[in-house]
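Reading the structure
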Amino acid sequence: MRSIATGLALTATTLALTALPATGTASAEQAVSASLYAPSALVLSVTGGADTVTGTVLRAVTLSCAPQASGTHPDPAGACAELRAAQGRLDAITTPAPHISCTREWNPVTVTADGVWEGKRFSYVHTFSNPCARDNGSGTVFAF
């Protein structure tokens, strides 16, 4: 019985020592500096219809802009650059250019952005009159 207890103690000690990093321990300052950025991560969606509750979600992607651009968005770097340039104000991005013309049909498409932008809770909803208006007024952020 004593040899089993000694064997278990030696095994536990060996496992604990092998779990230590080979390069030494990281200082508290290094651990803190690696996380000194405000998180920016959003879920973007396109919904058919004027209401996100009753409409059908056509597409949805993720977009993370800090510490680097990533996610399932087809152009995360471009979308993050566009958001930073607009200082997170999506109204500036979703406003169509004045020289663009679309039909006046009512076939609403609603875009949403939910998550965190620069460390703050973020929620945005905008309804376009039709897909043409969305394609000409949503920039890179909602181009998926």
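Before going into details, it helps to say that this report is about the structure given with it.

Scoring rules and cut-offs
- Residues numbered from 1 in each chain as written.
- Predicted model: local features only at pLDDT ≥ 70, side-chain atom pairs only at ≥ 80, totals over all residues.
- Heavy atoms only, no water.
- Core = buried A, V, L, I, M, F, W, Y, C linked by side-chain atoms within 4.5 Å.
- Buried < 20%, exposed > 50% of the residue type's maximum accessible area, 1.4 Å probe, protein only.
- Helix = DSSP H or I, 4+ residues; strand = E, 2+ residues; numbered from the N terminus.
- Contact = heavy atoms within 4.5 Å.
- Arc of directions from axis to C-beta.
- Disulfide = S-S within 2.5 Å.
- Salt bridge = Lys/Arg side-chain N within 4 Å of Asp/Glu carboxyl O.
- Pairing = 2+ DSSP bridges.
- Axes fitted to C-alpha atoms, helices over the stretch in contact; angles between N-to-C directions.
- Polar contact = N/O pair within 3.5 Å; in protein donor to acceptor, adjacent residues only side chain to side chain.

**Section: the nonpolar core**
Judged by nonpolar contacts, the single largest core of 23 residues is most densely connected at L44, L83, L90, V141 and F142. Only β1 (40-48), β2 (56-66), α3 (76-85), α4 (90-94), β3 (109-117) and β4 (120-128) provide two or more residues apiece to this core. Per-element accounting of this core gives the leading share, 4 residues, to β3. Once residues within four sequence positions are removed from consideration, L90 is found in contact with L83, A113, F122, Y124, V141 and F142.

**Quick look at α3**
Those residues of α3 lying buried are P76, A79, C80 and L83. The buried residues of α3 occupy an angular sector of 100° when the element is viewed end-on, so they sit on one face. Buried-residue contacts for α3 involve β1, β2, α4 and β3.

**Some details on the state of the cysteines**
Put plainly, a disulfide is one covalent bond tying together the sulfur atoms of two cysteines. Scanning all chains against the criterion turns up 2 disulfides. The disulfide partner of C65 is C80, and the S-S distance across this bridge is 2.0 Å. Taking the sign of the S-S torsion, about -90° here, the bridge from C65 to C80 comes out left-handed. You can see C65 sitting in strand β2 and its partner C80 sitting in helix α3, a full 15 residues away along the chain. When the bonded cysteines of the protein are numbered from the N-terminus onward, they pair as 1-2, 3-4.

**Some details on the pattern of salt bridges**
Within the structure shown, the criterion is met by 1 salt bridge. The partner of D135 in a salt bridge is R134, with the nearest N and O atoms 2.8 Å apart. R134 gets classed as buried once you look at its relative accessible area, which sits at 8%.

**Let's talk about the sheet that holds β4**
Reading across the sheet, the 4 strands line up as β2-β1-β3-β4 and stay open at both edges, with antiparallel pairing between neighbours. Each having just a single partner strand, β2 and β4 make up the two edges of the open sheet. Along the sheet, successive strands turn relative to each other by an average axial angle of 15°, direction set aside. Pairing analysis gives 9 bridges linking β1 to β2, with the strands arranged antiparallel. From the neighbouring strand, S40 faces β2, where its bridge partner is A66. Here α3 sits on the sheet in contact with β1, β2 and β3, set at roughly 75° to β2.

**Comments concerning the environment of T103**
By secondary structure assignment, the location of T103 is in the loop between α4 and β3. Since its relative accessible area comes to 52%, T103 is described here as exposed. The spatial distance from the C-alpha of T103 to the C-alpha of N130 is 8.3 Å, given a sequence separation of 27 residues. There is a polar contact of 3.2 Å between the side chain of T103 and the side chain of E105.

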